[in-house]
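Each chain, letter by letter, is given below.
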Amino acid sequence: MPEPTAPRPISRRRLLGTAGATGAAGLAAGATGGTLLGTAHAGSGTTPLTSIGTTTHPFHGTHQPGITSPLQTHGHLLAYDLVPGTDRRGAAALLRRWSQLAAALMAGEAADVDGTHIALDAGPSALTVTFGFGAALFDTLGLTDARPTALAPLPEFSADALDPDRSGGELWIQIGADDALVAVSALRLLHRAAAGSAVQRWQMTGFNRTPGATARPMSQRNLMGQIDGTNNPQPGDEDYDRRIFVPAQGEPPWMAGGSYAVVRRIRMLLDPWEELAQEEQERVIGRRKSDGAPLGGDSETTPVDLAALDGAGRPVIPVNAHVRVSSPETNDGAAMLRRPFSYHDGLLPDGAPDAGLLFVCWQADPLRGFVPVQRKLDRGDALSPFLRHEASALFAVPGGAARGGYVGQELLEG
């Protein structure tokens, strides 16, 4: 993928100062590039560690970055609420500051805008910054008529034990990078740019395996030791865009090229999980731990055969195995693009690890993606006894910004 033309350098004073509203601009042509998590067959050889810092992704385009961009090593998820009294003009100024800052940082211009010097000597390191809007934002700004029907509250699930202080939010930022200091630098600068306009509601920090850490490109493993993300929609699928992105003629019009992000903090009960024999763990998931192959299959990319029977006439993949219950074939085709980070936040008072998955999934409509699959998992997934859903949020993520514009401009100025 060719590198994008770098935007004109922006002074730190311009970025962090309050800006007035500008006229609406159309979306630029061209989608954010990149491949997906879960493509173990994506190439051969390792990623040289010396190449990590030079990787760039474009900020401007039809879609925002951080959706189909390759999953990075370090991630931060942050939710904000507007300061009381902040009106639509103030929210537009904030999104303009954030968008200009993100574009500069993603293009590798940290030296021009970073007063913290946290990442002064690093390249962009595959940095992506993604912005989303929660349902409450539309009430705050008097935009209830523009709120998408797809942003309706998620239903309650029996396994939920949600902490309201770590759920919801009017504004959302997802930061990903292959260098920890680059990611933290972006976090600090975006937070400073919000001063006077928005206050942080919650923050979650996660990680994944570093590119080049394995002898060949592989899918990620989660903290249960399982290969994760194999059954994601792939760019070659006929309905790939339809499943993930709101179409150009979709509703509401300001969401054209956008997507919906479901964010869940899912704690894994690792101590009881690790007490299971490996064979039992594989039956819970429906895949081998060694290579991610479905039970009865040859490799990670072997199609899951839900009809396969063993010599005794029993399903090779158990009827309550996670891979069967969550499969599009058993959910009327419902699917989503999973792009999670693992987390480990120390120990709980009882000594159990406070660790698991910062689950982020993308779809054109959560009522056709996440909701039906989670309802099915809620009723009979062998993995559910080892999970606790502790935080939840849903965000409308508009299409990408045009050069000279900002994310959400059509909504805030329409």
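Treat the numbers as computed from the prediction; the structure is a model and nothing was measured.

**Q** How do you make sense of the overall build of the protein chain when you look at a structure like this?
**A** Scanning the protein chain for helices and strands turns up 11 helices and 11 strands. Here the protein chain, with 414 residues, has 52% of them falling under the buried criterion. Considering only contacts in the protein chain between residues 6 or more positions apart, those separated by 24 or more positions represent 81%.

**Q** I would appreciate a short explanation of the packing of aromatic side chains in the present structure.
**A** For any pair of aromatic rings, geometry is given as the distance between the ring centres together with the angle between the planes. Inspection of the entire model under this criterion finds nine aromatic pairs. When the centroid spacing of 6.0 Å and the interplanar angle of 90° are considered together, the rings of Phe157 and Phe370 count as edge-to-face. Placement of the pair is Phe157 in the loop between α4 (135-140) and β3 (171-177) and Phe370 in helix α10 (residues 370-380), with a sequence separation of 213 residues. Look at Phe370 and you get buried, because its relative accessible area is 1%.

**Q** I keep staring at the packing of helix α2 (residues 88-106) against helix α5 (residues 180-193) and nothing clicks. Help me out?
**A** The description of two packed helices rests on the angle between their axes and on the distance between the axes. Following both chains from N to C, one finds α2 and α5 inclined at 160°, their axes separated by 10 Å at the closest point. In terms of orientation, α2 lies roughly antiparallel with respect to α5. The chirality of how α2 crosses α5 is right-handed. The segment α2 lies against α5, with Leu94, Arg97, Trp98, Leu101 and Leu105 engaging Ala186, Leu189, Leu190 and Ala193. A class-by-class count of the residues in the contact of α2 with α5 yields eight nonpolar, no polar and one charged.

**Q** Can you help me understand the pattern of salt bridges in this one?
**A** Side chains carrying opposite charge are able to pair once their charged atoms draw close together. Scanning the model with the defined rule gives 16 salt bridges in all. Taking the shortest distance from any N to any O, the salt bridge between Asp239 and Arg243 comes out at 3.0 Å. For Asp365, the salt bridge is made with Arg368, and the minimal N-O distance between the two is 3.8 Å. With a relative accessible area of 66%, Arg368 lands in the exposed category.

**Q** Mind showing me how you'd approach a negative patch on the surface here?
**A** Taken together, the side chains of Asp271, Glu274, Glu275 and Asp350 make up a negatively charged region of the molecular surface. Within the secondary structure layout, Glu275 lies in helix α7 (residues 270-275).

**Q** Sorry if this is basic, but what is going on with α2 here?
**A** It helps to recall that an α-helix has 3.6 residues per turn; residues three or four apart then point in one direction. The end-to-end C-alpha distance of α2 is 27 Å, a good match for the 27 Å that 19 residues give at a rise of 1.5 Å each. Buried residues dominate α2, accounting for 15 of its 19 residues. Where α2 begins, the side chain of Asp87 points an oxygen toward the backbone nitrogen of Arg89, at a separation of 3.3 Å. One or two steps after α2, the chain reaches Gly108, where phi turns positive at roughly 85°.

**Q** So what exactly am I meant to see when it comes to the nonpolar core here?
**A** Here is a general trend for soluble globular proteins: nonpolar side chains tend to be buried in one another's company. Counting residues in each nonpolar core, the largest one holds 75 residues, and the members touching the most others are Leu95, Trp98, Leu127, Phe131, Leu171, Ile173 and Ile175. The greatest single-element share of this core, amounting to 11 residues, is contributed by α2. Residues within four places of Leu95 in sequence aside, it is in contact with Phe131, Phe133, Leu171, Tyr406, Val407 and Leu412. Counting 22 residues, the second-largest nonpolar core is a separate cluster that includes Leu71, Trp202, Tyr343 and Ala393.

Basis of the calculations
Residues numbered from 1 in each chain as written. Predicted model: local features only at pLDDT ≥ 70, side-chain atom pairs only at ≥ 80, totals over all residues. Heavy atoms only, no water. Helix = DSSP H or I, 4+ residues; strand = E, 2+ residues; numbered from the N terminus. Buried < 20%, exposed > 50% of the residue type's maximum accessible area, 1.4 Å probe, protein only. Contact = heavy atoms within 4.5 Å. Phe/Tyr/Trp six-rings, centres within 6.5 Å; stacked < 30°, edge-to-face > 60°. Axes fitted to C-alpha atoms, helices over the stretch in contact; angles between N-to-C directions. Parallel < 35°, antiparallel > 145°, perpendicular 65-115°, else oblique. Left-handed = near helix turned anticlockwise from the far one by under 90°. Nonpolar A, V, L, I, M, F, W, Y, C, P; charged D, E, K, R; others polar. Salt bridge = Lys/Arg side-chain N within 4 Å of Asp/Glu carboxyl O. Patch = residues over 30% accessible without salt bridge, like charges linked within 9 Å, V, L, I, M, F, W, Y side chains within 5 Å. Areas by Shrake-Rupley, 256 points an atom, 1.4 Å probe, with all protein chains shown as cover. Lys, Arg positive; Asp, Glu negative; His and termini not counted. Charge placed at Lys NZ, Arg CZ, Asp CG, Glu CD. Expected span 1.5 Å × (residues − 1). Polar contact = N/O pair within 3.5 Å; in protein donor to acceptor, adjacent residues only side chain to side chain. Core = buried A, V, L, I, M, F, W, Y, C linked by side-chain atoms within 4.5 Å.

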